[in-house]
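Below, each chain spelled out in residue letters.
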Amino acid sequence: MEVTLRIKRFNPEQDSKPHFEEFKVDVEPTDRVLDALNMVKWHYDGTLTYRRSCAHGICGSDAMRINGRNRLACKILMKDLGSRITIEPLIGFKIEKDLLVDMEKFFDSYKSIKPYLIAEDAPSSRERRQSPEERARFDDTTNCILCAACTSACPITWTSDDFVGPAAIVNAHRFIFDSRDSGAGERLRILNTQSGVWRCRTIFNCTDACPRDIKVTEAIEQVKRALLTEQV
Amino acid sequence: MAYHRYDAVIVGAGGAGLMAAIQMAGHANIAVVSKLYPPRSHTGAAQGGISAALGNTEEDNWEWHMFDTVKGGDYIVDQDAAEVLTREAIDAVLELEHMGLPFNRTPEGKIDQRRFGGHSRNFGEAPVRRACYAADRTGHMIIQTLYQQGIKHNVNFFDEYHLLDILFTDDGACCGVVIYEIKTGEIHTIHAKTVLIASGGYGRVFKITSNALAGTGDGVAAAYRRGIPLMDMEFYQFHPTGLYKLGILLSEAARGEGGILRNSEGEAFAERYAPTMKDLAPRDMVSRFIYQEVKEGRGIDGKDYVLLDVSHLPDDVIDRKLPDITDFARIYLGVEPKKEGIPTQPTAHYAMGGIPTNINGQVVHDPEANVVPGFYSAGEAACVSVHGANRLGTNSLVDLVVFGRRAGRHMLNHMNEYDFLPLPNNHEDFARSQVDAILSRDSGERAANIRSEMQELMMDKVSVVRNETMLAEARDGIAELRNRYDSIIVQDHGSTYNTDLLEALELGAMLDCAETIVFGALTRQESRGAHFREDFEARDDVNWLAHSLIYRTDKGLQLRKKPVSITRFQPKERKY
């Protein structure tokens with residue numbers, strides 16, 4: 001089947017602002033958007049630029065806006081889209097080139113919530129014990145692949161420069177509710193600010209955008225509740 | 001021209017690279033260079049588990065694990081390395097848990113373990129639960145946890161820099177790397193006392209592969225171009241269960257949890273070929289079972305695939321232990337694994353071969369294992385050899401953690417013995433010439449067709465079953481493609497994020513890897529592990545109980561044999 005890709009282009013070495021370009025490609029219904037982008041790059045326009053690696057939805061490289069929704073380009077198939085597909089870079093991030101955006105600020109937000117196990121007691125010579133129930137408590141948020149689909153889908157991040165963003169809160173949640181971690185207090189303090197968890201307006205765009213089906217809004221709510229009740 | 005100085009530079013930020021970095025961070029000035037943001041590394045794609053003889057759910061010990069590894073590798077595993085791997089695996093897994101890795105747990109709260117292909121109790125008696133796992137996302141948890149530790153320890157990351165060259169003094173000591181800053185097109189030199197190559201494998205040499213698009217063998221090729229021999233390149237593993245046509249991995253864990261392979265008659269055919277281990281026989285063997293079924297006309301609809309059936313497993317097991325592969329089947333093939341079999345076929349998965357090292361991660365350059373000063377390698381890019389002719393599932397993640405850690409520790413402990421050796425004159429010339437040659441050419445051929453022809457050629461002629469005729473065709477085909485590569489052009493001539501240029505450079509690396517795979521496969525006239533020759537079906541321990549070291553010289557490719565370390569287990573016939 002033939003589809004038309006309408007792709008937002010921007011070459012910082014030549015363009016003063018982004019513009020759309022169209023490409024017609026022949027695809028199979030089971031082809032991924034990434035396959036279509038590769039077709040364009042490899043056979044029509046080698047300057048088309050985007051990040052990609054695993055091609056099966058687990059590395060998080062190719063999050064972009066496809067027909068107005070944040071998706072992983074390698075996880076959405078032609079048969080789920082129409083014959084005209086609009087592909088744009090993630091909103092709210094500085095465009096570096098075409099579909100490739102500046103991820104530095106996103107990773108800085110992630111780093112700001114201390115995304116590593118904080119454990120004061122020295123581990124024994126065996127594994128720390130954790131029951132299946134304790135393990136299940138933070139299971140959802142362990143699935144984050146740092147693709148930025150959620151943070152870029154959040155309208156707060158479109159207008160506010162200092163919201164830490166859903167992904168950072170998800171990764172804080174992963175540790176706050178991990179029974180082996182003792183840094184909940186520190187992270188909750190960091191998030192207990194205007195730029196932290198309180199900027200969230202429960203819009204749900206994040207949950208809608210997450211390609212790993214993480215209940216992002218619920219995780220953020222659990223962090224808010226932990227702050228309000230002073231209990232984890 | 002940008003210049004940096006670090007005690008150690010690590011190329012590759014997957015499991016092995018990060019593990020090495022964590023050993024050294026805070027104690028030495030180190031840099032970690034990666035062409036991807038670290039959490040994108042291919043370690044994250046690993047699914048099934050990381051094996052260690054913890055004995056949490058049933059009795060186990062490292063000697064059984066060592067035996068399984070040696071037999072799984074069809075007896076060219078270096079047994080001193082296998083002993084290190086399996087002994088230190090226990091500590092390595094516990095260290096990961098201490099770092100916070102969220103393993104699945106037993107009811108008592110210990111790390112849960114499951115069965116996996118080739119892992120047995122009591123030297124082959126029956127399958128054993130040795131694979132420690134986190135759903136079917138163990139690799140994802142490992143890369144996230146190690147990246148988190150990298151952040152905690154303030155590791156210096158050079159994110160999105162592509163390796164162009166490895167630098168050596170005239171005496172052959174390693175003194176740094178030359179890298180390309182993807183954001184700006186600027187070339188940087190990192191002057192270092194030690195260099196660790198942990199840049200992964202090269203599955204993209206083949207058409208159907210589980211590997212990420214980034215899996216192009218950059219580090220392996222860079223070493224080879226500088227005269228370092230590559231070891232055991234002919235041993236490339238085809239994982240039996242990749243999604244039909246896409247190659248996306250369906251973890252062996254599915255079979256570990258009770259999944260069964262079925263042919264067009266609905267028969268569980270693995271039992272016919274491997275009565276004891278059945279679907280949990282080692283991967284090279286299961287791939288050959290599938291190949292044989294297809295050849296004899298029992299592929300589904302007469303085509304070249306079979307079905308992976310998990311429909312008989314309880315819903316709860318599928319949901320809790322195999323969520324990701326269920327997702328893949330649903331999304332990419334529109335198949336519901338709880339009701340139907342999943343179309344699967346062998347997919348190019350893992351490079352047993354690579355840069356030869358000793359058990360401390362130091363690169364060696366000859367059959368006597370003489371060390372290249374200051375040069376290290378670990379992970380899939382390296383060949384210790386811990387996997388021999390075929391790797392067992394869950395042993396790669398152990399390899400990364402154990403040998404990444406050992407390399408890092410060795411580099412740190414011996415840092416005082418190393419010096420900042422003077423960089424060779426015009427040290428950026430080779431790197432620049434690669435880039436300039438491509439950018440300045442105004443007529444030639446683009447990468448796409450050369451690459452797809454290479455991938456088809458390798459998949460057709462150099463995969464699960466090989467013979468002299470096909471391999472000779474592959475050799476000639478690759479030679480012709482390398483000639484065409486000499487006129488490669490790109491359309492993007494910019495400096496910012498020139499991924500067109502990067503893909504062209506990656507193709508060069510892949511062609512170098514392909515050339516050595518074919519040469520090794522042609523020269524090794526026997527069948528062993530993943531290297532199966534229809535014209536030499538028997539294993540030949542008299543002539544070929546050895547590693548192959550492949551050198552690029554002015555007179556063409558040359559092969560020298562390197563002895564295998566055999567300590568506990570004498571080679572026997574490999575039956576499951």
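Residues numbered from 1 in each chain as written. Chains lettered and ligands numbered in written order. Predicted model: local features only at pLDDT ≥ 70, side-chain atom pairs only at ≥ 80, totals over all residues. Heavy atoms only, no water.

## Considering the overall build of chain B
Helices and strands together make up the secondary structure of chain B, namely 16 helices and 20 strands. Against the 2.2 N^0.38 benchmark of 25 Å for 576 residues, chain B shows a C-alpha radius of gyration of 22 Å, consistent with a compact globule. Taken across its 576 residues, chain B has 69% of its residues classed as buried. Counting contacts in chain B only where the partners sit at least 6 residues apart, residues at least 24 apart contribute 74% of the total. (Helix = DSSP H or I, 4+ residues; strand = E, 2+ residues; numbered from the N terminus. Rg over C-alpha atoms; globule rule 2.2 N^0.38 Å. Buried < 20%, exposed > 50% of the residue type's maximum accessible area, 1.4 Å probe, protein only. Contact = heavy atoms within 4.5 Å.)

## A few points about the interface of chain B and chain A
With 61 residues of chain B in contact, the opposing surface of chain A contributes 63 residues. Area buried by chain B at its contact with chain A is led by Arg40, Leu213 and Tyr332 of chain B, which between them contribute 14% of it. If you tally residues by element for the side of chain B that touches chain A, the top one is helix 4 (residues 138-152) of chain B, at 8 residues. Of the residues in the side of chain B that touches chain A, the class split is 25 nonpolar, 19 polar and 17 charged. (Buried area = accessible area lost by both parts, 1.4 Å probe. Nonpolar A, V, L, I, M, F, W, Y, C, P; charged D, E, K, R; others polar.)

## A closer look at the pattern of salt bridges
Residue and element names in this part refer to chain B. Summed over the entire model, instances satisfying the criterion amount to 76 salt bridges over all chains. In this structure, lysine 338 engages aspartate 319 in a salt bridge whose closest nitrogen and oxygen atoms are separated by 2.9 Å. Taken together, the residues span a long stretch of sequence, with lysine 338 in the loop between helix 10 (323-333) and strand 14 (342-351) and aspartate 319 in helix 9 (residues 315-321) at a distance of 19 residues. For lysine 338, a relative accessible area of 23% gives the class partly exposed. In this structure, arginine 482 and aspartate 512 form a salt bridge, with 2.8 Å as the shortest nitrogen-oxygen distance. Linking arginine 482 in helix 14 (residues 468-485) with aspartate 512 in helix 15 (residues 499-523), this pair joins segments that are 30 residues apart in sequence. Three or more residues joined by partner-sharing salt bridges are found here, namely Asp74, Glu234, Asp284, Arg288, Arg524, Glu526, Arg528, Arg539, Asp541 and Arg574. (Salt bridge = Lys/Arg side-chain N within 4 Å of Asp/Glu carboxyl O.)

## With respect to the sheet that holds strand 4 (residues 69-72) of chain A
All names here are of chain A. The strand order 2-1-5-3-4 describes an open sheet built from 5 strands, whose pairing is mixed. Looking at strand neighbours, the two that pair on one side only are strand 2 (19-26) and strand 4, the edges of this open sheet. With strand direction ignored, the average angle separating the axes of adjacent strands in the sheet is 35°. Its contacts with the sheet put helix 1 (residues 33-43) on strand 1 (2-9), strand 2, strand 3 (63-66) and strand 5 (84-88), and the angle it makes with strand 2 is roughly 100°. (Pairing = 2+ DSSP bridges. Axes fitted to C-alpha atoms, helices over the stretch in contact; angles between N-to-C directions.)

## Some thoughts on unusual backbone geometry
Among all residues save glycine, negative phi is the norm, and among peptide bonds the norm is trans. All names here are of chain B. Here the bond from valine 384 into serine 385 is cis, since omega is 5°, no more than 30 degrees from zero. Relative to the helices and strands, serine 385 is located in the loop between strand 18 (382-383) and helix 11 (395-413). The phi torsion at aspartate 74 lies on the positive side, around 50°, for a residue other than glycine. With respect to the element layout, aspartate 74 can be found in the loop between helix 2 (62-72) and helix 3 (79-98).

## Remarks on the sheet that holds strand 19 (residues 546-553) of chain B
All names here are of chain B. Pairing is antiparallel in the open sheet, where 3 strands are placed in the order 10-19-20. Edge positions in the open sheet fall to strand 10 (230-231) and strand 20 (556-563), since each of these has one partner strand only. Here strand 19 pairs with strand 20 via 8 bridges, running antiparallel. In the strand pairing of strand 20, leucine 549 is matched with arginine 560. Packed on one face of the sheet, helix 5 (residues 218-225) meets strand 10, strand 19 and strand 20 and runs near 65° to strand 19.

## Brief notes about the state of the cysteines
Residue and element names in this part refer to chain A. Summed over all chains, the structure comprises 0 disulfides over all chains. With no disulfide partner, cysteine 147 has as its closest neighbouring cysteine sulfur the one in cysteine 210, 6.3 Å distant. No disulfide involves cysteine 154; its sulfur sits 6.6 Å from the nearest other cysteine sulfur, which is in cysteine 206. (Disulfide = S-S within 2.5 Å.)

## A look at the nonpolar core
Counting 137 residues, the largest nonpolar core has Leu5, Val33, Leu37, Ile87 and Leu191 of chain A together with Ile50 and Leu196 of chain B as the members making the most contacts within it. Broken down by element, this core gets its largest block of residues, 10 residues, from helix 3 of chain B. Residues in contact with isoleucine 50 of chain B, not counting those within four places in the same chain, are Val93, Leu96, Phe103, Arg130, Ala131, Cys132, Thr138, Ile142, Thr394, Leu397, Val398 and Val401 of chain B. Ranked by size, the runner-up nonpolar core spans 81 residues in total, among them Val9, Leu457, Ala474 and Leu522 of chain B. (Core = buried A, V, L, I, M, F, W, Y, C linked by side-chain atoms within 4.5 Å.)

## Overview of the packing of aromatic side chains
All names here are of chain B. What the rule picks out here adds up to 20 aromatic pairs over all chains. Taking the centre distance of 5.1 Å and the plane angle of 80° together, the rings of phenylalanine 206 and phenylalanine 238 count as edge-to-face. A residue pair is termed long-range when its members are at least 10 positions apart, and phenylalanine 206 in the loop between strand 9 (187-197) and helix 5 and phenylalanine 238 in strand 11 (residues 236-243) qualify at 32 residues. The residues phenylalanine 206 and phenylalanine 238 share a single accessibility class, namely buried. Between the aromatic rings of tyrosine 376 and tyrosine 418, the centroid separation amounts to 6.4 Å while the plane-to-plane angle is 75°, which identifies the pairing as edge-to-face. (Phe/Tyr/Trp six-rings, centres within 6.5 Å; stacked < 30°, edge-to-face > 60°.)

## A look at the side chain of asparagine 467 of chain B
All names here are of chain B. Looking at where asparagine 467 falls in the secondary structure, it is placed in the loop between helix 13 (447-461) and helix 14. In this structure asparagine 467 comes out as buried when scored by relative accessible area, which is 15%. A polar side-chain atom of asparagine 467 sits 3.1 Å from the main-chain amide nitrogen of threonine 469. Residues within four places of asparagine 467 in sequence aside, it is in contact with Arg533, Glu534 and Asp535. (Polar contact = N/O pair within 3.5 Å; in protein donor to acceptor, adjacent residues only side chain to side chain.)

## Considering helix 14 of chain B
Residues and elements named next belong to chain B. For helix 14, built from 18 residues, the straight-helix expectation of 26 Å at 1.5 Å per residue is met to within 8% by its first-to-last C-alpha distance of 25 Å. Buried within helix 14 are the following residues: Met470, Leu471, Ala472, Ala474, Gly477, Ile478, Leu481, Arg484 and Tyr485. Residues of helix 14 that are buried make contact with helix 12 (429-440), helix 13 and helix 15. Sitting at the amino-terminal end of helix 14 is asparagine 467, which places a side-chain oxygen 3.1 Å from the backbone nitrogen of threonine 469. (Expected span 1.5 Å × (residues − 1).)

## A look at the pairing of strand 7 (residues 161-168) of chain B
Side chains on a regular strand alternate between the two faces of the sheet. All names here are of chain B. Among the 8 residues that make up strand 7, 8 are buried, leaving the element largely enclosed by the rest of the structure. Bridging between strand 7 and strand 8 (residues 174-181) involves 7 bridges; their strand directions are antiparallel. Opposite leucine 167, over in strand 8, you have glycine 176 as the bridge partner. Hairpin connection between strand 7 and strand 8: a loop of 5 residues separates the two successive antiparallel strands, and glycine 172 in this loop has a positive phi of roughly 85°.

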